[in-house]
Each structure stands twice: as structure tokens, then as C-alpha cells.
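Residue-level structure breakdown
Each chain is listed here by its residues.
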Amino acid sequence: MKIDKFDKVMSLAKRRLFIFPGSGIYGGLTGIFDFGPLGVEMKNNIKKQWWKFMVTKRRNIIGIDGAIITHNRVWEASGHIQNFTDPLVEDKVTHKRFRADNLIKDWLEKHGDSNNTKVELTDMNIIDMSEFIEQNNILSPDGNPITNAKSFNLLMSTELGVTEGGKDVAYLRGEACQTIYLDYKYIIDSGRYKLPFGICQIGKAFRNEITPKHSLYRQREFEQMDLQYFVAPEEMEKSYEYWKGERENWYKMLLNDFESIRFRQQTKNELAHYAKVAFDVEYNAPFGWSELEGIHWRGDWDLSRHGQYSGNDLTYTDPETGNKFTPNIVETSVGVDRTFLFLLLDAYNEEIVNNETRVILRLHPLIAPVTVAILPLKKNENQLNISQTIFDDLTDNFNVEIDVTGSIGKRYRRQDEIGTPFAVTIDDITEDDGTVTVRDRDTMKQERVKINELTQFVQTKIKEYRKFVGN
Ligand code: ATP
């Protein structure tokens, strides 16, 4: 039933041009997706609202937009060349590759812990996994024997330079946050910013994931929205708790069903090599509880290492006390694509109206790809001109589209399906008195509104919707 919902949402996303398989006409690339005309609008809205909440509305948070291609020393310093690995096993017959932890998880879900050994997957290292696979004769999904688990590095590399042999290896960044640490020095040297302060970035990251899956959930190219918050070591605990609370507030604004997320503390074995404490924000997806965001206590690992590897002084001197130290970091890192996917799942609803199934995406009006749809009942010149005038006016503030295709019922159904909160209908009365009807997606109620009051009307309705930072 739950998987059924996932399939329905995926089919809607394809049918209504939210997402496409990357390089699809050439057979596609595993773990790579493109965003279509509606997808790009929704994705931009997610990023815009996150930026407003995290950066624009706060006086001590600033942003950067760093490069994707990074010096190979960055990843030595960060520990990724050594530690950024997943446990890989290979099907001995087909040579397909899988993540050992995923195969064990699937096996445990199917068989339970039959030996009652209280197996904790998150506590297993690569040797434990290989032993567990052997003891329980776990096979590949194709039913063949598999190799022992080995560590596989997820970083993607490229070459820079013009001559063969004269090229330097560089990395596509495996996580967006690293460029924040690289640019930290320029920002702190400007003398304009005092601790505590934060730097945000929204940008692409690349990982050679062994098993991309669940559409946008695990991709090889994806986007992250990161905050790195720099604090004095003694302020760390307070700041960590503060940001955990703020990220909770974000999800209260964003989701219809706040119960569909939980904050789960990572076990010791799960912690990334740099983390002292970490909470995962998890979403109750049709394929099980799944990570959406990481809130990490990174301590002074990053700045110390980059200071050491680059030979630059990345310490901070408190202007009041004169104390010199390496700032500690609280990180909040969330995937744009996972947010996008989980918002579609959160918003998807089916209702029976007049014996027909009505599909609605109950997206927040500030996230919906189209805020207002203009639907002239007739295709005569007058109604088309009025539609264009309203379009020109409303596009100053909202995403708007004019839809003239099919019956009005069919057009409402399409707008419900893509989550458009307001549908403006132009009819014969409009031509007489300059009013239109505005239909509310959620209640299906219609109100007559003067054309010159439409912007105000929609703005008020958005404000009355679940409180969001941008309204
Ligand atoms: P996972 O355990 O699912 O591989 P992670 O703990 O490695 O994720 P982080 O390095 O903490 O992820 O990255 C922060 C966020 O970036 C994740 O919470 C997720 O939303 C997003 N993200 C990470 N890897 C991917 C991916 N392969 N595809 C899409 N989003 C991703």
C-alpha cells in the first residue's frame, strides 16, 4: 500500500513534467535526474524558502556559492580520500555491485534476528558484515553468491589541464560544505564578522553511490543546502541545541504531517569520521524511515585539518578577550532532492468527489510550482486579453500560468494534481463587471474577487495558510 503511494507519486511526477531520467533518450544514466518545467519551479521555491529562513532573516548568517571542482588536497585534508567509503559486495555471477549494509538490512527485515543475537547493523564494521553474510548465506538480489565486503570510495574525480600527462586530478565535491571551510579565511580576514556566525550554501555534490535508488532519494549528482555555524568551543553545546530546534521549526512550516519525521541520534559506529554527535532527521517514506538531513557536531576537525594541510592560519582571535582558538562548527545539511521527493509524498492525497478520484498535491502555496492558474471559460478575444492582463499583473509576485486546454473540470483536475492553490476563472460576468472567481484547491470553494484586488487577495490567503517564514 505504501509502495503503491510511491509509485503513484513517481508516475505523477513523470506525467506532469516534474522530473525526467537524466540523458533519458540515450537510455539514461543510473542515479542522475533532470528537473522538468514544474520540477524546476518547485525546486527553486524550496531553495528560496530555505535561504530566506536560514540566511535572509538572520543578521549573523551569510552565504557563498563555491565551485564544484576542488583541489585534490581538499579531500585529503577532509579525510574523504581515506574515509569516504561504503561497504561494497559484488555478485559473483553477474558482477553487479551492491551495498553490503543494504543487503543485510533487507535480509533482517525478511528473516528477523532468528539467532536472537540482537544484531545492530549500525554497529557492524566491514569485517562483521562479511562474516554475517557468510554465516547466513546471504545472496545477491539475483540469487547468486556474493564477494566479501570491501570499502569503496565514493568521490568522483576529473582531470584539469590541456595536455595528456600534464593534467592534474581534481575532485567534484563530495559534499558542498567543504567550499565553505575554504572560503572561511577570506570572510574572517575581512574583519566584518565576529563569532558566532554562519555561512550557508546551496549547491551540487557528487558521489559514486554503489546503489542509487528510490528515484531522487539516492543519486550520484544531487544538491545540498548547508549551514556551517562557527562558534567558540564553550558555546558548542548551546548552539547545537539551538540549531536542532530551528531545523525542527523549518519542518513544522514545511510539512503537512509533522509526525512523518523524527530526530534520531546516530550510534557511535554510524558517526562520520569528523562528527562527535549527530542527529539524522528522518522521514517516514514508503520505503521505510530514511535520512533527510544531518545535524552534525563537527568540532574543530575541519578548520584544523585545512589549516594544517594548506599551511594557512585558520584560527580566530576573540577581539574582546584576545583568546586565540580554532572555531568549532555546527553543521546542518539537507538534500534539496530528498526534500523535493518527501514533499511530494507528504502532499499527495486522493479524495473521492462525485464518485471520481480527485488527486491533489497539498503543497504549501510558497512551494507549489504554480501559485495561480488563470482559466478563461471561453477562448474569445476578450477573455484571452483579460487573462493576459491578469497574468502580467500577478507575475510580479507569483508563478502564474494560463490554461486554455480542455473542459473546465479537466483543467481543475490538472491544477489540483500539480498542487496549484488558486485557480482564477474568467467567465461572462467578468466581461461585464471586472470580477473573477477564485477557487481554493483544498476546499474547492469559490469566491468572486475584483481583478484589481487579486494580488492582495492571494497574498492574504497565503499568509493565512500554515505560517511560513516567507509569508
Ligand atoms: P546517506 O547515509 O543517506 O548516504 P549521508 O549521511 O552520507 O546520507 P550527508 O553526507 O550527511 O549524507 O549529506 C547531507 C544530506 O545530503 C543528506 O541528509 C541527504 O539529504 C543528502 N544526500 C546525501 N547523499 C545523497 C544522495 N546520494 N542523493 C541525494 N541526496 C543525498
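Residues numbered from 1 in each chain as written. Predicted model: local features only at pLDDT ≥ 70, side-chain atom pairs only at ≥ 80, totals over all residues. Heavy atoms only, no water.

**Considerations on the overall build of the protein**
- Counting its secondary structure elements, the protein contains 14 helices and 24 strands.
- Whereas a compact globule of 471 residues would reach a radius of gyration of roughly 23 Å, the protein reaches 26 Å, a difference of no more than 12%.
- Reported as C-alpha extents along the three principal axes, the dimensions of the protein are approximately 75 × 65 × 55 Å.
- Looking at the protein as a whole, 51% of its 471 residues qualify as buried.
- Sequence separation of at least 24 residues holds for 67% of the intrachain contacts in the protein that already meet a minimum separation of 6.
- Total accessible area on the protein is roughly 22700 Å²; 48% of this is exposed by carbon and sulfur atoms.
- Between the mean site of the 61 positive side-chain charges and the mean site of the 71 negative ones, the protein shows a separation of 1 Å. (Helix = DSSP H or I, 4+ residues; strand = E, 2+ residues; numbered from the N terminus. Rg over C-alpha atoms; globule rule 2.2 N^0.38 Å. Buried < 20%, exposed > 50% of the residue type's maximum accessible area, 1.4 Å probe, protein only. Contact = heavy atoms within 4.5 Å. Areas by Shrake-Rupley, 256 points an atom, 1.4 Å probe, with all protein chains shown as cover. Lys, Arg positive; Asp, Glu negative; His and termini not counted. Charge placed at Lys NZ, Arg CZ, Asp CG, Glu CD.)

**Quick notes on helix 8 (residues 236–254)**
- The end-to-end C-alpha distance of helix 8, which contains 19 residues, comes to 27 Å, matching closely the 27 Å that a straight helix rising 1.5 Å per residue would cover.
- Met236, Ser239, Tyr240, Trp243, Lys244, Glu246, Arg247, Trp250, Tyr251, Met253 and Leu254 are the residues of helix 8 that are buried. (Expected span 1.5 Å × (residues − 1).)

**Description of the sheet that holds strand 20 (residues 372–376)**
- Taken in spatial order, the five strands of this open sheet run 21-20-22-23-24, and their pairing is mixed. A strand with exactly one partner marks an edge of an open sheet, and here the two such strands are strand 21 (400–402) and strand 24 (446–450). Going from strand to strand, the sheet's axes swing by 25 degrees on average, the running direction of each strand aside.
- Taken together, the four bridges between strand 22 (residues 422–426) and strand 23 (residues 435–440) define a ladder with antiparallel strand orientation. Of the residues in strand 23, the one forming a bridge with Ala423 is Arg439.
- Along the sheet, helix 12 (residues 408–418) contacts strand 20, strand 21, strand 22, strand 23 and strand 24; its crossing angle with strand 20, the most-contacted strand, is approximately 175 degrees.
- Running at roughly 135 degrees to strand 24, helix 14 (residues 454–464) makes contact with strand 20, strand 22, strand 23 and strand 24 of the sheet. (Pairing = 2+ DSSP bridges. Axes fitted to C-alpha atoms, helices over the stretch in contact; angles between N-to-C directions.)

**Regarding the domain arrangement of the protein**
- Its domain assignment divides the protein into domain 1 (2–78 + 156–345), domain 2 (85–153) and domain 3 (363–464).
- Just the C-alpha atoms count here: the centres of domain 1 and domain 3 sit 36 Å apart.
- Facing the 13 residues of domain 1 at the interface are eleven residues of domain 3.
- Both sides together, the interface formed by domain 1 and domain 3 hides about 1100 Å², and carbon and sulfur atoms give 60% of it. (Domains from an automatic or database assignment. Buried area = accessible area lost by both parts, 1.4 Å probe.)

**Quick notes on the sheet that holds strand 3 (residues 61–63)**
- With mixed pairing, the seven strands of this open sheet are ordered in space as 3-10-11-17-14-13-12. Edge positions in the sheet fall to strand 3 and strand 12 (261–265), since each of these pairs with one other strand and no more. Taking the axes of each pair of neighbouring strands and ignoring which way they run, one obtains an average angle of 25 degrees across the sheet.
- Pairing of strand 14 (residues 288–299) with strand 17 (residues 328–335) involves six bridges; the strand directions are antiparallel. Paired with Gly299 across the bridge in strand 17 is Ile329.
- Strands in contact with helix 9 (residues 301–310) are strand 11 (221–231), strand 14 and strand 17; relative to strand 14, the strand with the most contacts, it is inclined by about 60 degrees.

**Some details on the site of the ligand**
- The local shell around the ligand holds 17 residues, among which Glu209, Arg218, Gln219, Glu291 and Leu292 are the closest.
- Alone, the ligand offers 590 Å² of accessible surface; in the complex the protein occludes 86% of this.
- Looking at the shell around the ligand, the elements with two or more residues in it are strand 11, strand 14 and strand 17.
- Looking at the shell around the ligand, its residues break down into five nonpolar, six polar and six charged. (Near = heavy atom within 4 Å. Nonpolar A, V, L, I, M, F, W, Y, C, P; charged D, E, K, R; others polar.)

**A word on the nonpolar core**
- With 78 residues, the main nonpolar core has Phe18, Met42, Tyr251, Phe340, Leu341, Phe342 and Ile390 as its most contacted residues.
- Ranked by residues supplied to this core, first place goes to helix 10 (residues 336–347) with eight residues.
- The residue makeup of this core includes at least three contributed by each of domain 1 (2–78 + 156–345) and domain 3 (363–464).
- With residues up to four places along the chain from it excluded, the contact list for Tyr251 reads Phe258, Ile261, Val281, Leu292, Glu293 and Val334.
- Among the nonpolar cores identified, the runner-up in size contains 18 residues, and Tyr181, Ile187, Tyr316 and Phe325 belong to it. (Core = buried A, V, L, I, M, F, W, Y, C linked by side-chain atoms within 4.5 Å.)

**A closer look at the pattern of salt bridges**
- Evaluation of the coordinates by the stated rule reveals 39 salt bridges.
- Of the charged contacts, one joins Lys324 and Asp313 as a salt bridge, the two residues approaching to 3.7 Å between their closest N and O atoms. Here Lys324 is found in strand 16 (residues 324–325), whereas its partner Asp313 is found in the loop between helix 9 and strand 15 (316–317), with eleven residues between them in sequence.
- Each of Glu351, Arg358, Arg362, Asp416, Arg439, Arg441 and Asp442 takes part in a single network of salt bridges with overlapping partners. (Salt bridge = Lys/Arg side-chain N within 4 Å of Asp/Glu carboxyl O.)

**Quick notes on a nonpolar patch on the surface**
- A cluster of nonpolar side chains, namely Ile68, Ile69 and Leu160, defines an oily patch on the protein surface of about 220 Å² accessible area.
- Among the secondary structure elements, Ile69 is positioned in strand 4 (residues 69–71). (Patch = residues over 30% accessible without salt bridge, like charges linked within 9 Å, V, L, I, M, F, W, Y side chains within 5 Å.)

**With respect to helix 7 (residues 178–189)**
- Buried within helix 7 are the following residues: Gln178, Thr179, Ile180, Tyr181, Tyr184, Ile187 and Ile188.
- Positioned one or two residues after helix 7, Gly191 has a phi angle of 75 degrees, which is positive.

**A short note on the environment of Asn72**
- Mapped onto the elements of the fold, Asn72 is located in helix 3 (residues 72–77).
- In the structure, Asn72 is positioned 349 residues away from Pro421 in sequence and 47 Å away in space, judged by C-alpha atoms.
- Leave out the neighbours within four places in its chain, and Asn72 touches Ile81, Val169 and Tyr171.
- Engagement of the side chain of Asn72 in a polar contact is seen with the backbone oxygen of Val169, the distance being 2.9 Å. (Polar contact = N/O pair within 3.5 Å; in protein donor to acceptor, adjacent residues only side chain to side chain.)

**A short note on the pairing of strand 10 (residues 197–206)**
- Taking burial as the measure, the ten residues of strand 10 include nine buried ones, the bulk of the element.
- Sheet topology places strand 3 next to strand 10; three bridges connect them, and they run parallel. Looking across to strand 10, one finds that Ile62 is bridged to Ile199.
- The pairing of strand 10 with strand 11 spans ten bridges and is antiparallel. Looking across to strand 11, one finds that Ala205 is bridged to Phe222.

**Considerations on the environment of Val281**
- Structurally, Val281 is set in strand 13 (residues 277–285).
- When the C-alpha positions of Val281 and Asp433 are compared, they lie 52 Å apart, and in sequence the two are 152 residues distant.
- Sequence-distant contacts of Val281, defined by excluding residues within four places in its chain, comprise Tyr251, Ile261, Arg262, Phe263, Ser290, Glu291, Leu292, Glu293 and Ile295.

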